[in-house]
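Chain and residue survey
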Amino acid sequence: MTDAYGVVSRPVRLDYTFTAGKALSRFLTIIEGGKIIGQRCPKCAKVYVPARGSCPTCGVATAEAVEVKDRGIVTTFCIVNIPFPGMAVKPPFAAASVLLDGADIAIFHLLQEVPVENVRMGLRVEAVWKPASEMEMSMESIAYFKPTGEPDAPYDSYKDLL
Ligand SMILES: [Zn+2]
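What counts, and where the lines are drawn
Residues numbered from 1 in each chain as written. Predicted model: local features only at pLDDT ≥ 70, side-chain atom pairs only at ≥ 80, totals over all residues. Heavy atoms only, no water. Buried < 20%, exposed > 50% of the residue type's maximum accessible area, 1.4 Å probe, protein only. Helix = DSSP H or I, 4+ residues; strand = E, 2+ residues; numbered from the N terminus. Arc of directions from axis to C-beta. Contact = heavy atoms within 4.5 Å. Domains from an automatic or database assignment. Buried area = accessible area lost by both parts, 1.4 Å probe. Salt bridge = Lys/Arg side-chain N within 4 Å of Asp/Glu carboxyl O. Polar contact = N/O pair within 3.5 Å; in protein donor to acceptor, adjacent residues only side chain to side chain. Donors = N, O, S within 2.8 Å, 3.2 Å for Na, K, Ca; no water. Tetrahedral: all angles 85-135°; square planar, octahedral: opposite > 155°, others 65-115°. Pairing = 2+ DSSP bridges. Axes fitted to C-alpha atoms, helices over the stretch in contact; angles between N-to-C directions.

1. Structural notes on helix α1 (residues 21–31)
Of the residues making up α1, those classed as buried are Ala23, Leu24, Phe27, Leu28 and Ile31. The buried residues of α1 occupy one face: seen down the axis, they fall within an arc of 130°. In the core, the buried residues of α1 are packed alongside β1 (36–40) and β7 (124–129).

In structure tokens, the structure reads:
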């Protein structure tokens, strides 16, 4: 079927299997239990979450497991205003880079329980975990992040980790 411009729209599906590797497999196994684990670089001491098994800066293997907190700082964010197919949350909503306490790289996740106009850099947030019966080996074990009510983190405390 073509639209008014003569463009054909057809559903497309692609199934594939992803092999996580040792470091990411460990992360995924542990997050199912409600904990977040990263790895520290033996050279620069940065903690990567989730770990991929090596430090992209130093080019050395990472092995030391480090548990990080399930709370942290919004370092950057975007407000989603436009709906798209398959969307789980009604717009407008915020998605943010969250620098977990103890980590040196941010993860990207959904923010909820905060009006989008109140989302800002430095906002302290914490994970809202799904019930144990819904936990899975994915970042989806965390339903979303919400504000902790703590004072905002000063910019200088995360400016080098954006
Ligand atoms: Zn390093």
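Alright, that's what it looks like, and here's the rest.
2. A short note on the domain arrangement of the protein chain
Entries for the protein chain in the domain assignment read domain 1 (19–68) and domain 2 (69–162). With 17 residues of domain 1 at the contact, the number on the domain 2 side is 17 residues. Between domain 1 and domain 2, the buried area comes to about 1,300 Å², and carbon and sulfur atoms account for 71% of it. Together, Ile31, Glu32 and Val68 form the three largest contributors to the area buried by domain 1 at its contact with domain 2, with a combined 39%. In this structure, the connection of domain 1 to domain 2 is made through zero salt bridges. Remark: the boundary between domain 1 and domain 2 carries one residue pair in polar contact (both at pLDDT 80 or more). Listing elements by their share of the side of domain 1 that touches domain 2, those giving two or more residues are α1, β2 (47–48) and β3 (64–68).

3. Looking at the coordination of the zinc ion
Protein-derived coordination of the zinc ion comes from Cys41 (SG), Cys44 (SG), Cys55 (SG) and Cys58 (SG), at a distance range of 2.3 Å. Considering all four donor atoms around the zinc ion, the spread of angles at the metal, 105 to 113°, places the coordination shape in the tetrahedral class. When its relative accessible area of 2% is taken as the criterion, Cys41 is described as buried.

4. Looking at the sheet that holds β2
Across a sheet, paired strands are connected by hydrogen bonds in the backbone, their directions being either parallel or antiparallel. Across the sheet, three strands lie side by side as β2-β1-β3; this open sheet has antiparallel pairing. Of all strands in the sheet, those bounded by a partner on one side alone are β2 and β3. Here five bridges tie β1 to β3, and the two strands are oriented antiparallel to one another. Bridge pairing in β3 places Ile36 opposite Val68. Each of β1 and β3 is contacted by α1, which is oriented at about 155° to β1, the strand it contacts most.

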